[in-house]
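Residues per chain, in single letters:
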Amino acid sequence: MLLGPSLGLSAILFSLGVAGVLLRRNAIVVFMCIELMLNAVNLTFVALAQLYGASGYIMVFFVMTVAAAEAAVGLAIILAMFRHRQSVDLQNINLLRG
Amino acid sequence: MIAALFWFFAAAAVLSASLCILQRNPVSAALWLVSTMFSLAAIYVLLDAQFIAAIQVLVYAGAVMVLFLFVIMLLNLDHATSDIRGPSTIAATVVIAGLLAGELFALWSYTPHRLAVELAQAGSAGDVSALFAAGAIARQEAQAKGVVGAVAAPLFQAYLVPFEITSILLLVAIIGAVVLAKRKV
């Protein structure tokens, strides 16, 4: 069954993802930490699907699709940002205008 | 046996995730994230979600992480200096992430409501699959139709409209990525 340990593991992984987002200045690494958080949420869905049926697996599908779309668009934004500023350091990117 | 394997892969996932957020080189960080995703795929297998595990390896560890590595190598980032923020931010991060972990970690002792009621009345857990009929039905479906069929049936019946909306989302993402990454001519 392993419901409690799975939820605990996903809590740890989610917190590590949050720590990474706060800790790093490299936009790509921040992006990878967001993927880590999405993975932690997927783990809760899979763990609870053991009790509540296959809907949890369907939600994991949708989360994965959104994560893939987000990675494509986000990395394109980072690429455009790098062309503009020659850097992906988040400390240099503090203005909403171009 | 399953519990021992679970703890092994859980430790591997936490270790690789910690190294992922602490590695200075973005390529090493990406590879540690791939290791985390493989450990999670193994945990999905232990939780009876074999199809999700296969998709995890193919889509996440395969496609998404290749995209990340491709962009890291395309940008050819300099990682001589560490990109970890200063001491005050580190302290704030430890406090925030620690508080969040403490709150979320309460889920460890989470007992579903129906199970809690049963425990209060009968004193013992009894038959869990009788309490959670949906989970038991899903397991029977997986035995009858195979793990792929058990996921495909609800995906193309009850969740057909969200599934189609997802395809539109992917189309929008493709067009958006091309427009954003295109060089201005």
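Small disclaimer: the values here were computed from a predicted structure and weren't measured.

Comments concerning the overall build of chain A
In step 1: The helix and strand inventory of chain A stands at three helices and zero strands.
In step 2: Reading chain A from its N end, one meets helices and strands in the order α-α-α.
In step 3: Taken over the C-alpha trace, chain A has a radius of gyration of 16 Å; the compact-globule value for 98 residues is 13 Å, which it surpasses by more than 25%.
In step 4: When burial is assessed residue by residue, chain A has 56% of its 98 residues classed as buried.
In step 5: Pairs at least 24 residues apart make up 47% of the contacts formed inside chain A by residues separated by at least 6 positions.

Description of the domain arrangement of chain B
In step 1: Entries for chain B in the domain assignment read domain 1 (2-110) and domain 2 (133-185).
In step 2: Here the C-alpha centre of domain 2 of chain B lies 24 Å away from the C-alpha centre of domain 1 of chain B.

So, the nonpolar core
In step 1: Core analysis: the biggest nonpolar cluster contains 75 residues, and I28, M32 and V46 of chain A have the highest contact counts within it.
In step 2: Sort the elements by how many residues they give to this core and helix α2 (residues 27-52) of chain A lands first, with 16 residues.
In step 3: Here this core spans two domains, since at least three of its residues come from each of domain 1 (2-110) and domain 2 (133-185) of chain B.
In step 4: Filtering out sequence-adjacent residues up to four positions away, I28 of chain A remains in contact with I78 and V88 of chain A together with P26, F68, V71 and I72 of chain B.

Looking at the packing of α2 of chain A against helix α3 (residues 50-75) of chain B
In step 1: Between α2 of chain A and α3 of chain B, the least distance of the axes is 12 Å, while the angle of their chain directions is 175°. The pairing of α2 of chain A with α3 of chain B is recorded here as roughly antiparallel in orientation. The segment α2 of chain A lies against α3 of chain B, with I28, M32, E35 and V46 of chain A engaging I52, V64, F68, V71 and I72 of chain B.
In step 2: In the contact of α2 of chain A with α3 of chain B, the residues fall into eight nonpolar, no polar and one charged.

Structural notes on the environment of V151 of chain B
In step 1: Tracing the backbone shows V151 of chain B in helix α7 (residues 133-156).
In step 2: Its 24 C-beta neighbours within 10 Å are what place V151 of chain B among the buried residues.
In step 3: When the C-alpha atoms of V151 of chain B and I55 of chain B are compared, they prove to be 12 Å apart, with 96 residues separating the residues in sequence.
In step 4: Sequence-distant contacts of V151 of chain B, that is, excluding residues within four places in its chain, are made with A54 and Y57 of chain A together with F51 of chain B.

What counts and how
- Numbering of residues starts from 1 in each chain and follows the order in which that chain's sequence is written.
- Whichever chain is written first becomes A and whichever ligand is written first becomes 1, with later ones labelled in order.
- Given that this is a predicted model, residues contribute local features only at a pLDDT of at least 70 and side-chain atom pairs are listed and counted only at 80 or more, while totals for whole chains, interfaces and linings are drawn from all residues.
- Starting at the N terminus, helices and strands are each numbered in turn, a helix being any DSSP run of H or I of at least four residues and a strand any DSSP run of E of at least two.
- With C-alpha atoms as the basis for the radius of gyration, the globule rule is written as 2.2 Å multiplied by the number of residues raised to the power 0.38.
- Counting other C-beta atoms within 10 Å of a residue's own tells you its class, since 20 or more makes it buried, 12 or fewer makes it exposed, and anything in between is partly exposed; those C-beta atoms are placed from the backbone.
- Once C-beta atoms have been placed from the backbone, residue pairs whose C-beta atoms lie within 7 Å are recorded as contacts.
- Domain start and stop points were drawn from an automatic or database domain assignment.
- Throughout this description, the term nonpolar core refers to a group of buried Ala, Val, Leu, Ile, Met, Phe, Trp, Tyr and Cys residues whose C-beta atoms join them within 7 Å.
- Axis lines are fitted to C-alpha atoms, over the contacting stretch for helices. Their N-to-C directions set the angle, which ranges from 0 to 180 degrees.
- Each angle receives one of four descriptions, namely roughly parallel if under 35 degrees, roughly antiparallel if over 145, roughly perpendicular if within 65 to 115, and oblique otherwise.
- Gly is put with the polar residues, along with every residue not named as nonpolar or charged; the nonpolar set is Ala, Val, Leu, Ile, Met, Phe, Trp, Tyr, Cys and Pro, and the charged set is Asp, Glu, Lys and Arg.

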